[in-house]
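If you want the building blocks of each chain, they are given just below.
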Amino acid sequence: MTAITPTKPQEVVANLSQYEASYAAVKQRGLKLDMTRGKPSNEQLDLANEMINVLGPSDYKAADGTDTRNYGGLDGLPEMKAIFAELLETSPANVIVGGASSLTMMHDAVVRALLHGVPDGVGPWGRGKIKFLCPSPGYDRHFAICQHHGIEMIAVDLDKDGPDMASDEKLVASDASIKGMWCVPKYSNPTGETYAASVVERLAAMKTAAPDFRLFWDNAYAVHDLEATTDPLVEIIAACAKAGNPNRPLEFASTSKISFAGAGVAVMASSAANVADAKKHLGIQTIGPDKVNQLRHVRFFKDAAGVRAHMRKHAALLRPKFEAVSRIFERELGGTGLAAWTKPRGGYFVSLDTLDGCASEVVKLADEAGVKLTPAGATFPLGKDPRNRNIRVAPSLPPASQVETAMEVVALCVKLASARKLKA
Ligand SMILES: Cc1ncc(COP(=O)(O)O)c(C=O)c1O
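Residues numbered from 1 in each chain as written. Predicted model: local features only at pLDDT ≥ 70, side-chain atom pairs only at ≥ 80, totals over all residues. Heavy atoms only, no water.

> How should the packing of helix α5 (residues 102–116) against helix α10 (residues 272–285) be read in this particular structure?
To characterise two packed helices, one gives the angle between the axes of the helices and the distance between these axes. Running from N to C, α5 and α10 point in directions that differ by 100°, and their axes come no closer than 11 Å. Looking at the two axes, α5 sits roughly perpendicular to α10. On α10, the residues that touch D108, R112 and H116 of α5 are A278, H281, L282 and Q285. In the contact of α5 with α10, the residues fall into two nonpolar, three polar and two charged. (Axes fitted to C-alpha atoms, helices over the stretch in contact; angles between N-to-C directions. Helix = DSSP H or I, 4+ residues; strand = E, 2+ residues; numbered from the N terminus. Parallel < 35°, antiparallel > 145°, perpendicular 65-115°, else oblique. Contact = heavy atoms within 4.5 Å. Nonpolar A, V, L, I, M, F, W, Y, C, P; charged D, E, K, R; others polar.)

Right, dumping it as structure tokens:
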């Protein structure tokens, strides 16, 4: 994101009393708007309502004759694996279909590594102090997994092409306790960028001091385009295999923001050795996933093309909300040098940067004016944004008109917090 320097600082300070008056007036309106979490709206969820009853009373057999009502099928129905494999551009053999949440699969992959280690490793990660690289701003729940399990987090910068590779390569080459790295490679949460081909290839090939280093490749927004064209992303499993590091990637995704959030189907994809290792542990944890839900998804979407067509309907509902954010920020803050914001081509978030030191004040002011935002700092490890400037905006849930009002309030709060800071 571009450096943020006020274009006319004296003018901003001179306008302080006007901003204070506008803010007092907004507070009188008694707004109650919530822009905190990236949930699908009711209209988006309605798009998949037919799935609830898509299975007639005698439709419970998968193509290979599996009775989906009964135990078994640890790695998923073949037809569900085929859909995920095509969407993730890998082969069905690399895929394990899980329960309803990819976050659970990520959490469990971390815990398995801590307790048991991973293929080509040197024992359980939990035996010593370990660290993960955390491109930031990033997804707060990734950081929560590390914090919860005592994994030290090293925040690393993200730019428009993905993580800053020069510093990442240096870190992983020199420190064998760095075992993992969180990546949201497409329409990243919250900054929206897609990793460039050169970045993916460097991540796949970089020399790591830890022989059992893993990329936690959270491809949560693989098919979540807002525009007619998708951002190209180099497929990580093949890239790592080509670079001689076949066991490096653990890829995750789900249909949470395709069908139903928390009632969809999740997936992990990786090398043959990692898949075999995960299945060994999964077989202890469960007798099998919810295959009835997998069959519902298969019947409803039919194939990967069906998923893509469905995602175009999501895009049509989401696009006006993202456009509202851009329009209001551009109108209220464009050219002021008081903020910079992303214009993502997919995913669920807009990332707003204020002047250094202003983000928590903006979130507090917005909250007091009735607009709830994700807490400042949430997008950084341990909730600490070193520059206190990043705010994650989640426009998906409220109607576009409310998004517009909420962004007007946020823009005003940015101006007010900036003016107060510049005056101090
Ligand atoms: C990057 C990312 N990964 C994972 C998730 C959650 O996925 P699931 O619902 O499959 O657990 C989210 C939800 O916001 C997300 O933004």
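> Would you explain the sheet that holds strand β3 (residues 131–136) in this entry?
Sheets are built from strands that pair by backbone hydrogen bonding, the pairs being arranged parallel or antiparallel. Strand order in the open sheet made by the eight strands is β2-β9-β8-β7-β6-β3-β4-β5, with mixed pairing throughout. The open sheet terminates on both sides in strands that have one partner only, identified here as β2 (95–97) and β5 (162–163). Note: strand β6 (residues 178–183) against strand β7 (residues 214–218), four bridges, orientation parallel. Counted as the bridge partner of G180 is R214 from β7. The strands touched by α5 are β2, β3, β6, β7, β8 (249–254) and β9 (266–269); relative to β8, the strand with the most contacts, the crossing angle is about 155°. Seen against the sheet, helix α6 (residues 140–148) touches β3, β4 (152–159), β6 and β7 and runs at an angle of roughly 160° to β3. (Pairing = 2+ DSSP bridges.)

> For this particular structure, what's the right way to read the site of the ligand?
The ligand sits among 13 residues. The nearest are S102, D218, Y221, S254 and S256. A distance of 3.0 Å separates an oxygen atom of the ligand from a polar atom in the backbone of L103. In this structure, an oxygen atom belonging to the ligand sits 2.7 Å away from a side-chain N or O atom of K257. Contact with the protein chains covers 87% of the free accessible surface of the ligand, which is 400 Å². Put simply, the ligand lies in the second largest pocket. The biggest single contributor to the shell around the ligand is α5, with three residues. Of the residues belonging to the shell around the ligand, the class tally is six nonpolar, five polar and two charged. (Near = heavy atom within 4 Å. Polar contact = N/O pair within 3.5 Å; in protein donor to acceptor, adjacent residues only side chain to side chain. Areas by Shrake-Rupley, 256 points an atom, 1.4 Å probe, with all protein chains shown as cover. 1 Å grid on protein atoms, 1.4 Å probe; cavity = no way out; pocket = protein on both sides within 12 Å on 5 of 7 lines; lining within 4 Å. Sits in = over half its atoms within 2 Å of the grid points.)

> Is there a simple way to explain the sheet that holds strand β13 (residues 390–393) in this structure?
Pairing in this open sheet of three strands is antiparallel, and the strands run β10-β11-β13 from one edge to the other. Among the strands making up the open sheet, the edge pair consists of β10 (339–341) and β13. Neighbour-to-neighbour, the strand axes of the sheet open up by a mean angle of 20°, direction not taken into account.

> I would appreciate a short explanation of the layout of surface pockets in the present structure.
Unfilled space is identified by rolling a water-sized probe across the atoms. For the second largest pocket, the calculated volume is near 510 Å³. Taken together, 24 residues line the second largest pocket, and the ones lying closest to its centre are Y139, R141, Y221, S256 and K257. Its residues assigned to classes, the lining of the second largest pocket comprises 10 nonpolar, eight polar and six charged. (Points joined across faces, edges and corners; volume = space filled by probe spheres on them.)

> What should I look at first to understand the packing of aromatic side chains in this one?
Aromatic ring pairs: the centre-centre distance and the angle between the two ring planes describe each pair. Following the criterion strictly, the structure yields 10 aromatic pairs and no others. On the numbers, 5.2 Å between centres and 50° between planes, the contact of W182 with F216 is tilted. One end of the pair, W182, is in strand β6; the other, F216, is in strand β7, with 34 residues separating them in the sequence. Overall, the relative accessible area of 2% leaves W182 in the buried class. (Phe/Tyr/Trp six-rings, centres within 6.5 Å; stacked < 30°, edge-to-face > 60°. Buried < 20%, exposed > 50% of the residue type's maximum accessible area, 1.4 Å probe, protein only.)

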